[in-house]
Amino acid sequence: MYYLLIIFLVPLAIYDAIHFKIPNFLLSVLLITGLYLTNFNYINLFDDLVIILLIHFIYYLFQNQIGYGDIKLFCVLTLITPTLMFSFIVLLSYIVGGFYVIIVELIKTTNYRKLPYVPFIMTSTILTFISYDDLTTIYFGGFL
């Protein structure tokens, strides 16, 4: 299941890096195939609804800084991944994006007005899939 998600996220990241938009067709295909493959196991209706509303509220507050395509991708990821895994994906995507911006500012090769965000979401998703067990162990305080 997670390989399929990565197969969809790589073209989305490339397309977002080139065109600064995310095609709705790929998001809908990702949602349908993701829900089919997970057999709706990861849908917790109340939690997912609260998270989706929170994501849209964050978009409302920061609509000049983040695009709506990224919000739609986060909503799809909310429905096809477990809640804790989605939390790690969001957290790591902002950390990875922050490191990228810091490196770009230190090098000062170009001034960016807009950055594609899906490559950071893809990177954090792959990192979360690789180290999910370690992240949950650290999160719940069991690493000592």
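Enquirer: What exactly am I supposed to notice about the packing of aromatic side chains here?
Expert: Here a ring pair, both rings aromatic, is described through the centre-centre distance and the interplanar angle of the planes. Within the structure shown, the criterion is met by seven aromatic pairs. Here the aromatic rings of Phe74 and Phe86 are separated by 5.9 Å at their centres, their planes lie at 85 degrees, and the arrangement is edge-to-face. Residue Phe74 is located in helix 4 (residues 68-80), and its partner Phe86 is located in helix 5 (residues 83-107); the two are separated by twelve residues in the primary sequence. Side by side, Phe74 and Phe86 carry an identical accessibility label, which is buried. Both rings, one in Phe74 and one in Tyr117, keep their centres 6.0 Å apart while their planes meet at 70 degrees; by these two values the pair is edge-to-face. You can see Phe74 sitting in helix 4 and its partner Tyr117 sitting in the loop between helix 5 and helix 6 (118-139), a full 43 residues away along the chain. Among the aromatic residues, those joined into a cluster by ring pairs are Phe74, Phe86, Tyr94, Tyr100, Tyr117 and Phe120.

Enquirer: What should I look at first to understand the nonpolar core in this one?
Expert: In a soluble, globular protein the nonpolar side chains are often hidden away together inside. Counting residues in hydrophobic clusters, the biggest one holds 30 residues, and the most contacted among them are Leu5, Leu12, Leu30, Ile55, Leu73, Phe74 and Leu77. Put simply, the parts of the chain that give this core at least two residues each are helix 1 (2-19), helix 2 (24-38), helix 3 (45-61), helix 4, helix 5 and helix 6. With seven residues, helix 4 is the largest single contributor of residues to this core. Not counting chain neighbours up to four residues away, the residues in contact with Phe74 comprise Ile55, Phe86, Val90, Ser93, Tyr94, Tyr117 and Ile121.

What counts, and at which threshold
Residues numbered from 1 in each chain as written. Predicted model: local features only at pLDDT ≥ 70, side-chain atom pairs only at ≥ 80, totals over all residues. Heavy atoms only, no water. Phe/Tyr/Trp six-rings, centres within 6.5 Å; stacked < 30°, edge-to-face > 60°. Helix = DSSP H or I, 4+ residues; strand = E, 2+ residues; numbered from the N terminus. Buried < 20%, exposed > 50% of the residue type's maximum accessible area, 1.4 Å probe, protein only. Core = buried A, V, L, I, M, F, W, Y, C linked by side-chain atoms within 4.5 Å. Contact = heavy atoms within 4.5 Å.

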